[in-house]
Amino acid sequence: MDQASVTARMASQVERWQEAADQRAVFLSCYAMMTRNTLDAVDAGEFHDREWVSRLLHHFAEYYFVALDAYERELPDTPPVWRLAHDTARSGEAMVLQNLSLGINAHINYDLVLALVDMLDAEWSLLLPEQREQRYQDHCHVNTIIARTIDDVQDQVVERQSPILDLLDRSLGRADEWIVSRMIASYRDAVWYKATDMLDCADHVERDALRREIEARALERAQAFLSPSLAAAVDLI
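Residues numbered from 1 in each chain as written. Predicted model: local features only at pLDDT ≥ 70, side-chain atom pairs only at ≥ 80, totals over all residues. Heavy atoms only, no water.

Colleague: Looking at this structure, I do not really get helix H2 (residues 24-43). What am I missing?
Modeller: Because an α-helix packs 3.6 residues into every turn, residues spaced three or four apart end up facing the same way. Given a rise of 1.5 Å per residue, 20 residues ought to cover 28 Å, and the 29 Å separating the end C-alpha atoms of H2 matches this to within 8%. In terms of burial, H2 is largely enclosed, as 16 of its 20 residues are buried. Phi turns positive, to about 80 degrees, at glycine 45, one or two residues after H2. (Helix = DSSP H or I, 4+ residues; strand = E, 2+ residues; numbered from the N terminus. Expected span 1.5 Å × (residues − 1). Buried < 20%, exposed > 50% of the residue type's maximum accessible area, 1.4 Å probe, protein only.)

As structure tokens, this is what we get:
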């Protein structure tokens, strides 16, 4: 799947959800923007291995659509963290930032771990330390792209859904963007080490046990985002 097709697929789904007033459009609109900007950065030569990063982005996106298809078909193997995110958004009862946070949590703290393992599995034992470091640096550079995209996400997606957040954004200046970018960077850094832990597992039984732990943690964090107590969510960041 090339850049145009993956972003077009996202845009088409967003349009359908917006027409239906389905709040799942919130996360996917933001994700599409992040994906488009990262693919532009790939084309601009911002990564050590542009081909590897491009394949990772497309594989990562496929995790989103596979989980969405499983949810829409009510399949039993729908990841619980995605089932909660989709159910919550469809209910129309959650706040915009809750829907966005649930999508970010499911896609980064669960999907991204598995996508990284898929991409690194065949080569991990063969990579020299400096090559592993380059993979990690490319992974971390995405944080920079996300950070410089957050303003557009707020202006074009979040604040259109909730104008009150525009007032909050103005009052906080750059503080809120910094907090969100640091949260996502923290997630993604932890994800890298969870993925390498899975790669270092002795066998598939041990690896699957770790995957279930990661899934349970992501679900716990998702439930905290729905808690009336903000402190509960902050404790899990």
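From this point on, the discussion continues.
Colleague: Where do I start with the packing of helix H5 (residues 96-120) against helix H9 (residues 204-225) in this structure?
Modeller: Axes are the key here: two packed helices are described by the angle between their axes and the distance separating the axes. Packing of H5 against H9 leaves a shortest axis separation of 9 Å and a crossing angle of 170 degrees. Considering the angle they form, H5 stands roughly antiparallel to H9. Residues Gln98, Ser101, Leu102, Asn105, Asn109, Tyr110, Val113, Leu114 and Val117 of H5 pack against Arg207, Arg211, Ile214, Glu215, Ala218, Arg221, Ala222 and Phe225 of H9. Among the residues making up the contact of H5 with H9, the classes are represented as 9 nonpolar, 4 polar and 4 charged. (Axes fitted to C-alpha atoms, helices over the stretch in contact; angles between N-to-C directions. Parallel < 35°, antiparallel > 145°, perpendicular 65-115°, else oblique. Contact = heavy atoms within 4.5 Å. Nonpolar A, V, L, I, M, F, W, Y, C, P; charged D, E, K, R; others polar.)

Colleague: Would you explain H9 in this entry?
Modeller: Compared with an ideal rise of 1.5 Å per residue, which puts 22 residues at 32 Å, H9 spans 31 Å between its outermost C-alpha atoms and is within 8% of the ideal. When H9 is considered as a whole, its buried residues turn out to be Arg207, Leu210, Ile214, Glu215, Ala218, Arg221, Ala222, Ala224 and Phe225. With a side-chain oxygen lying 3.1 Å from the backbone nitrogen of valine 205, the N-terminal cap of H9 falls on aspartate 203. (Polar contact = N/O pair within 3.5 Å; in protein donor to acceptor, adjacent residues only side chain to side chain.)

Colleague: What exactly am I supposed to notice about the packing of helix H3 (residues 50-72) against H5 here?
Modeller: The N-to-C vectors of H3 and H5 enclose an angle of 130 degrees; their axes lie 9 Å apart at closest approach. Accordingly, the angle class assigned to the pair H3 and H5 is oblique. Viewed along their axes, H3 and H5 form a crossing whose handedness is right-handed. Along its contact with H3, which presents Trp52, Arg55, Leu56, His59, Phe60, Tyr63 and Tyr64, the element H5 presents His107, Asp111, Leu112, Leu114, Ala115, Leu116, Asp118, Met119 and Leu120. (Left-handed = near helix turned anticlockwise from the far one by under 90°.)

Colleague: Help me understand the side chain of glutamine 98, please; the structure alone is not making it clear to me.
Modeller: Structurally, glutamine 98 is set in helix H5. One polar contact links the side chain of glutamine 98 to the main-chain amide nitrogen of methionine 95, over a distance of 2.9 Å. With residues up to four places along the chain from it excluded, the contact list for glutamine 98 reads Phe225 and Leu226.

Colleague: Can you help me understand the pattern of salt bridges in this one?
Modeller: Between side chains of opposite charge, a pair can form when the charged atoms approach closely. The full count for this structure, using the stated rule, is 12 salt bridges. Salt-bridge contacts for arginine 9 lead to glutamate 62; the nearest nitrogen and oxygen are separated by 3.4 Å. Residue arginine 9 is located in helix H1 (residues 3-19), and its partner glutamate 62 is located in helix H3; the two are separated by 53 residues in the primary sequence. Here arginine 9 falls in the partly exposed class, since its relative accessible area comes to 34%. With a closest N to O distance of 2.4 Å, arginine 212 and aspartate 208 form a salt bridge. (Salt bridge = Lys/Arg side-chain N within 4 Å of Asp/Glu carboxyl O.)

Colleague: Help me understand the nonpolar core in this model?
Modeller: The tendency in soluble globular proteins is for nonpolar side chains to be buried as a group. Counting 65 residues, the largest nonpolar core has Met10, Tyr31, Tyr64 and Leu116 as the members making the most contacts within it. Of all the elements in the fold, those that place two or more residues in this core are H1, H2, H3, helix H4 (80-91), H5, helix H6 (129-161), helix H8 (175-199) and H9. Examining the composition of this core, we find that 15 residues originate from one element, H5, more than from any other. Residue contacts for tyrosine 64: discarding those within four places in its chain leaves Trp17, Phe27, Leu28, Tyr31, Trp82, His86, His107 and Asp111. (Core = buried A, V, L, I, M, F, W, Y, C linked by side-chain atoms within 4.5 Å.)

Colleague: Whenever I open this one, unusual backbone geometry confuses me. Can you help?
Modeller: Only a minority of non-glycine residues have a phi that is not negative, and only a minority of peptide bonds are not trans. The backbone phi angle of alanine 21 is positive, close to 55 degrees, even though this residue is not glycine. Relative to the elements of secondary structure, alanine 21 occurs in the loop between H1 and H2. Among the residues examined, alanine 21 registers a relative accessible area of 61% and is labelled exposed. Its identity as a non-glycine residue notwithstanding, glutamate 74 has a phi of 60 degrees, on the positive side.

Colleague: Which parts of the structure should I look at to understand the side chain of aspartate 22?
Modeller: With respect to the secondary-structure elements, aspartate 22 resides in the loop between H1 and H2. Look at aspartate 22 and you get buried, because its relative accessible area is 14%. When sequence neighbours within four positions are dropped, the list of residues in contact with aspartate 22 reads Trp17 and Arg90.

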